[in-house]
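Given next are the chains, with one letter for each unit.
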Amino acid sequence: MAVRVCLGFLILLLYSNFSTALYEDQVGLADWHQKYIGKVKQAVFPTQKTGRKRVVVSTEENVIASLDLRTGDIFWRHVLGKDDHVDQIDIALGKCSILRAWNLPDGQMMWESALYGSTPSKSLLFVPANINLGKGNRILVFSGGWLHAVSSIDGEIVWKKEFAIDSLEIKQVFQPLESDIIYAVGFVGSSQFSVYQLSSKSGEVLKHNTASFPSAFCGEVALVSSDMLVALDATRSALISISFQSGIINFYQTYMSDLVQDFSGMAALLPVKFTGMFAMKTVSGIYLVRVKGVSVLEIIEKFNHPASVSDSLTLSGEQQAFAIVQHAETKIDFKVKLDKDLRNDVLKETVEMDSQRGHVQKVFLNNYVRTDKSHGFRALIVMEDHSLLLVQQGDVVWSREDGLASIIDSTTSELPVEKEGVSVAKVEHNLFEWLKAYKKGEKGLIIINIVKITNAGHALKLKGTLMLASPDEIAAIQAMRLKSSERNKMTRDHNGFRKLIIVLTRAGKLLALHTGDGRIIWSLLLSSLHRSEACEHPSALNVYQWQVPHHHAMHENPSVLVVGRCGPSHDALGVFSVVDSYTGKERNSLKLVHSIIQVIPLPLTDSTEQRLHLIIDANLQAHLYPRTRDSVNIFLHEMSNIYWHSIDVGKGLIRGYSLRSGCNLDVVDEYCFNTKELWCIVFPSETEKIATMATRKMNEVVHTQAKVLADQDVRYKYISKNILFVATVAPKAAGEIGTVTPEEASLVAYLIDTVTGRILHRVIHQGAQGPIHAVVSENWVVYHYFNLRAHRYEMSVIEIYDQSQADNKDVWKLVLGKHNLTSPVSSYSRPEVMVKSQSYFFTHSVKAMAVTATAKGITSKQLLIGTIGDQVLALDKRFLDPRRTATPTQAEKEEGIIPLTDSLPIIPQAYVTHALQVEGLRGIVTIPAKLESTTLVFSYGVDIFFTRIAPSRTYDSLTEDFSYALLLITIVALVAAIFVTWILSEKKELREKWR
């Protein structure tokens, strides 16, 4: 009987379609984590003798990584600090110039050497020296005015040589083959050229020669041989060939107009390495120039823009190859040429390319040996949107969306509403394929395949339930669940979990990510932020919600507004782009006739549900968008209630403004408004410097203004969207931690009403220093800083309450109708406020802070803290309650007040990111779901991470992995057990009666 029961239970498990909670790498079912590296700026292909095919890259996000050449996956990577700038592979720079070496197979650091120089160094030049004296090959490093010879085995500095000339800028360090002499060449000032010859064994200067050039150099050079380089003059209109054979320096000048027909503008030398030739870029294209002798320059070939040229690649002997990539509409032409035969192409391929990736920025060439012993070529290509691709045999083998490592802003959008029986997303791909096969008469085969797949899937689920699944099978189960999961649909759900996260990258690309699994729904490289003659230096600024249809959600798509400017300065002209949130198509783009200093989204919408925005330009004039009659009428009706403020960190000023009709323009513009300064706060420059500021979220929901205390007393929160938190530090303490003494450091925190400019509260922290991070929510602010006296980080909390409503506590007045609940509230009335504050020690340095957001503001708040370890920690706001005491009363305990401790607890289970790291963490975004208990959290840096959290647990819903089938089975089993028990009981009673 027992065997039958066990078999029956196994059969139920096998054929029941319930889900089990699987976790992979400690990531929850609702989480996803994506790793990136950023825009590649240098790549090195190890030799084929190293085993697995890989490429080592360094990126603009200060990442060094090893990628699988077959798939593009990351073997290993190291994300360096923000002050460590990668100069060349295996080299990282800090303020003291640090040389690091990593093991190629596993990425483990082998050694690290600090290269201290007498002067600050912004870059390193290094080359492996061709000498082995028992310490392995030497690495030559120029840093801070010193040339170092470093052992490649253990990083020991074998010798170092100081160059005493302060204005000397070394441009090239190299050692010719089969030579014991090291050459260091560079400029002294802008017009003097110097050549040093040093002994590779001791670093002793063997010879030093200098020569002055009549005009000046711009600083760009290209080494074309062991005794010659080419430089540009200061005007970038002439090339100077510099020969230093046998220590004798000679200059030969060639004007660009003599070399390039119809030359205009300025030239630039490309940082590519060739022997006997160099590459330069002009307005008209890229030129390959051969150097003949010491004075003759000859153009070999011209490539029209857009194009990119790779470094030379040594094949065999003295033969070198290089690649040229040119754009042709939606295709790229990939060519490989040999330096000995430039007229013919060794390889010529045409590759289809996604137009949303932009133009090619860089190309890195690699070769491999085919089975017939001939050379094959592959190219690693960096695109304009910072994506990385591998091209081989005319196809894109793999691609990486590494532009997501440089997110600068984000917003969210709801998914389409699911219509009756059919979603807006039409039909899923697998259903479409099934229908196609059904029409072809393959119904029987499909049914058999479905049965096989279903049985295999149930078997996998059973093994996972019994914990017998291998890691590969667990991954397969997880993939099956993701494909069949409701959370991956392209329609909105009633809980508000499924959304689109729309992110804007530094490259000017907009991408929509699905919150279900993080997949990219669409991407758009904005044409308004594309480099052109009218917009030479475009830069993306922010993305905002532009139109959110509520009344016409079934028929109209929402859209977002992308704001940018055409230059690095604040007075550069601005650009607009309006993009459809569902399709990713650009609805409209606009080049503004004014600059953009500040964008103010207003809580107003026009009749088409487009949100009104105010753009403040460099002349402090406000421009209204959208520019329609409807929007301006709505705005004029509310203009008297609109105020804004500006912060000038450099001058230590905060100003408040109101708006007036009309602008001081030559042409009448009814959508332009003048501003009137209402107040100004000046911080004393001798003692205070603005370090950070924070405001409340405009869309934050506060459930109730009243807060009932343990003694049944009522306090009213000071709820105002006009509160501004400002933190200032002593000017001497504006640097890094430890640069000043506690007596010289101080931090002052302000709470300011931005309508009146009134300072509501001010507190001084003596001996405190930044960096400062702050977050404002409801009636409280939390900020993080470093306490120099205690040598620890601290977090302080300030809560502000409205005392003007103290009379509203009397219940009898409310009962008798004497309670005036409709009394007007004005920011100009001087508020009577009460402030509670407290400080706590915190063990971590902080990179970012945010607070959970819910739909109705009922759920308790949690503080989300991005730690120095690139993880996100959820800290209950109750730990930052200023009313905490060491011995709380019983009533206070019932209210939920936690006993006071000097430091805030770090609970391992409170890490939202689990065991994962969001490398290079820069921002944390919280999004309210429709379900009150749940908050969506999106954090980004070099990596991106998404999860759902429930600060007060999911008190209003069952979890997504709840097994309804198992619940049904349990109920059926209980009913069956009751029925069997009843029958057995009846039989027992009958037997007893017969006795």
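Residues numbered from 1 in each chain as written. Predicted model: local features only at pLDDT ≥ 70, side-chain atom pairs only at ≥ 80, totals over all residues. Heavy atoms only, no water.

Our working definition: UniProt positions are given in the numbering used here, feature names are shortened, and annotations may be inferred rather than shown by experiment.
Looking at an unreviewed UniProt entry, the chain carries the name ER membrane protein complex subunit 1, with the source organism given as Cocos nucifera. According to UniProt, the comment filed for the chain under the heading Sequence similarities (unreviewed entry) is "Belongs to the EMC1 family." Under the heading Subunit (unreviewed entry), UniProt records this for the chain: "Component of the ER membrane protein complex (EMC)."

### Here's the deal with the overall build of the chain
Defined as follows: Secondary structure follows DSSP: runs of H or I at least 4 residues long count as helices, runs of E at least 2 residues long count as strands, and numbering of each begins at the N terminus. Accessible area is worked out with a 1.4 Å probe on protein chains only. A residue is then buried under 20% of its type maximum, exposed over 50%, and partly exposed in between. Contacts are residue-level and defined by heavy atoms, with any inter-residue pair within 4.5 Å sufficient. All accessibility values rest on the Shrake-Rupley procedure with a 1.4 Å probe; residue burial counts only the protein chains present in the view.
The number of helices and strands found in the chain is 9 helices and 64 strands. Across the 995 residues that make up the chain, the buried fraction comes to 50%. For the chain, long-range pairs separated by at least 24 residues make up 51% of all intrachain contacts whose partners lie at least 6 apart in sequence. Total accessible area computed for the chain in this model is approximately 49100 Å², and 53% of it derives from carbon and sulfur atoms.

### Details of the side chain of Ser179
Relative to the elements of secondary structure, Ser179 occurs in the loop between strand S14 (168-174) and strand S15 (181-188). You can call Ser179 buried: its relative accessible area is 18%.

### Structural notes on the confidence of the model for the chain
Condition: Each residue carries a pLDDT score, the predictor's confidence in it, ranging from 0 to 100.
Mean pLDDT over the chain works out to 82, with 84% of the residues at or above the 70 mark. Confidence drops under a pLDDT of 50 for residues 1-29, and excluding neighbours within four residues, the segment shows 42 contacts in the predicted structure.

### Describing helix H6 (residues 629-638)
Stated formally: Arc, as used here, means the arc of the directions from the helix axis to the C-beta atoms.
Within H6, burial applies to Ser631, Val632 and Phe635. The buried side chains of H6 occupy one side of the element, clustering within an arc of 95° when seen end-on. Of the surrounding secondary structure, the elements contacted by the buried residues of H6 are strand S43 (598-605), strand S44 (611-616), strand S45 (622-625), strand S47 (653-661) and strand S48 (672-682).

### Remarks on a nonpolar patch on the surface
We count it as follows: Residues qualify for a patch when their relative accessible area is over 30% and they have no salt bridge, like charges being joined within 9 Å and the nonpolar side chains of Val, Leu, Ile, Met, Phe, Trp and Tyr within 5 Å. Each salt bridge in this description consists of a side-chain nitrogen of Lys or Arg and a carboxyl oxygen of Asp or Glu lying within 4 Å of one another.
Where nonpolar side chains cluster on the molecular surface, the patch consists of Phe979, Val980, Trp982 and Leu984 and spans about 440 Å² of accessible area. In this structure Leu984 comes out as exposed when scored by relative accessible area, which is 52%.

### What to know about a positive patch on the surface
Definition in use: Only four residue types enter the tally: Lys and Arg on the positive side, Asp and Glu on the negative side, with His and both chain ends excluded. A single reference atom marks each charge: NZ on Lys, CZ on Arg, CG on Asp, CD on Glu.
Together, Lys987, Lys988, Arg991 and Arg995 make up a positively charged patch on the protein surface. Looking at the element boundaries, Arg991 is found in helix H9 (residues 964-994). For Arg991, a relative accessible area of 49% gives the class partly exposed.

### A word on the sheet that holds strand S37 (residues 509-514)
Sheet strands pair by backbone hydrogen bonding; their relative direction is either parallel or antiparallel. Quick reminder of the rule: A pair of strands is considered paired only if DSSP assigns at least 2 bridges between the two. Lines fitted to C-alpha atoms define the axes here, with helix axes fitted over just the stretch in contact, and angles between the N-to-C directions of these axes take values from 0 to 180 degrees.
The 4 strands lie next to each other as S35-S36-S37-S38, forming an open sheet whose pairing is antiparallel. A single partner strand is all that each edge strand has here, and the edge strands are strand S35 (407-414) and strand S38 (520-525). Pairs of neighbouring strands in the sheet enclose a mean axial angle of 20°, with direction left out of account. Relative to S37, strand S36 (residues 499-505) runs antiparallel, the two sharing 5 bridges. Within S37, the residue paired with Leu504 across the bridge is Leu510.

### Side note on the pairing of S38
Bridging between S37 and S38 involves 5 bridges; their strand directions are antiparallel. Its bridge partner lying in S38, Lys509 is registered against Leu525. The antiparallel pairing of S37 with S38 creates a hairpin that spans 5 residues between the two strands, and Gly518 there sits at a positive phi of about 80°.

### A look at the nonpolar core
Going by this rule: Nonpolar cores are built from buried Ala, Val, Leu, Ile, Met, Phe, Trp, Tyr and Cys residues. Side-chain atoms within 4.5 Å join them into one set.
Of all hydrophobic cores here, the largest spans 35 residues; its most connected members are Val57, Leu380, Phe938 and Ile944. If you look at the next biggest cluster of nonpolar residues, it comprises 21 residues, including Ala321, Val351, Val360 and Phe377.

### Quick word on the pairing of strand S41 (residues 573-580)
Where burial is concerned, most of S41 is hidden: 7 out of the 8 residues are buried. Bridge analysis of strand S40 (residues 559-565) against S41 gives 7 bridges, and the strand direction is antiparallel. Along S41, the bridge assignment pairs Val563 with Phe576. One ladder, built from 6 bridges, connects S41 with strand S42 (residues 586-595); its direction is antiparallel.

### Some remarks on the pattern of salt bridges
For the coordinates displayed, the defined rule picks out 31 salt bridges. Taking the shortest distance from any N to any O, the salt bridge between Arg655 and Glu677 comes out at 3.4 Å. Of this pair, Arg655 sits in strand S47 while Glu677 sits in strand S48; the two residues are 22 residues apart in sequence, bridging distant segments of the chain. For Arg655, a relative accessible area of 24% translates into the label partly exposed.

### Description of unusual backbone geometry
Most peptide bonds are trans, and most residues other than glycine sit at a negative phi. A cis amide bond links Tyr625 with the next residue in sequence, Pro626, at an omega value of 0°. Examined against the element boundaries, Pro626 turns out to sit in the loop between S45 and H6. Omega for the bond connecting Gly770 with Pro771 falls within 30 degrees of zero, at 5°, which places this linkage in the cis form. Mapping Pro771 onto the fold places it in strand S55 (residues 768-777). Located in the positive-phi region is Lys373, a residue other than glycine, with phi close to 70°.

### Topic: the state of the cysteines
Put simply, the rule is: To count as a disulfide, a pair of cysteine sulfur atoms needs to be within 2.5 Å.
Applying the stated criterion across every chain, the model contains 2 disulfides. Each sulfur in the disulfide pair Cys663 and Cys672 lies 1.8 Å from the other. Measuring the twist about the S-S bond at about -80°, one finds the Cys663-Cys672 disulfide to be left-handed. Here the cysteine-cysteine linkages of the chain are recorded as 1-2, 3-4, numbering only bonded cysteines and doing so in sequence order.

### Side note on the environment of Ala790
In this fold, Ala790 is placed in the loop between strand S56 (780-787) and strand S57 (792-802). Sequence separation of Ala790 and Phe841 is 51 residues, and the distance between their C-alpha atoms is 9.1 Å.

### Re the sheet that holds S45
If you trace the 6 strands from one edge of the open sheet to the other, you get S43-S44-S45-S48-S47-S46, paired in antiparallel fashion. Both outer strands of the open sheet, S43 and strand S46 (643-648), are each paired with one neighbouring strand and no more. Taking each pair of neighbouring strands and ignoring which way they run, the sheet shows an average axis angle of 35°. In this sheet, S48 lies alongside S47 in antiparallel orientation, the contact comprising 9 bridges. Note that in S48 the partner of Ile654 across the bridge is Ile681. Contacts between H6 and the sheet are confined to S43, S44, S45, S47 and S48, with S43 contributing the most and set at about 95° to the helix.

### Describing the side chain of His761
Assignment of secondary structure puts His761 in strand S54 (residues 759-766). On the basis of relative accessible area, His761 is assigned to the buried category, the value being 19%. Leaving out residues up to four positions away in the same chain, His761 has contacts with Ala749, Tyr750, Leu751, Ile798 and Val835.

### As for the packing of aromatic side chains
Short version of the rule: Between the rings of Phe, Tyr and Trp (Trp by its six-membered ring), a pair exists once the centres lie within 6.5 Å; its type follows the angle of the planes, with under 30 degrees stacked, over 60 edge-to-face, and the other angles tilted. Any Lys NZ or Arg CZ found within 6 Å of a ring centre and within 35 degrees of that ring's normal is scored as a charge over the ring.
The final tally for this structure, using the stated rule, is 24 aromatic pairs. Both rings, one in Trp644 and one in Tyr657, keep their centres 4.4 Å apart while their planes meet at 15°; by these two values the pair is stacked. In this pair, Trp644 is assigned in strand S46 and Tyr657 in strand S47, connecting sequence segments 13 residues apart. Residue Trp644 is classed as buried on the basis of its relative accessible area of 4%. One aromatic cluster is present, formed by Phe174, Tyr183, Phe187, Phe193, Phe213, Phe217, Phe244 and Phe251 through successive ring pairs. Between Arg54 and the ring centre of Phe75, over which it is positioned, the NZ or CZ distance is 4.3 Å. Seen from the ring of Phe497, Arg948 lies directly overhead, with NZ or CZ sitting 4.0 Å from the centre.

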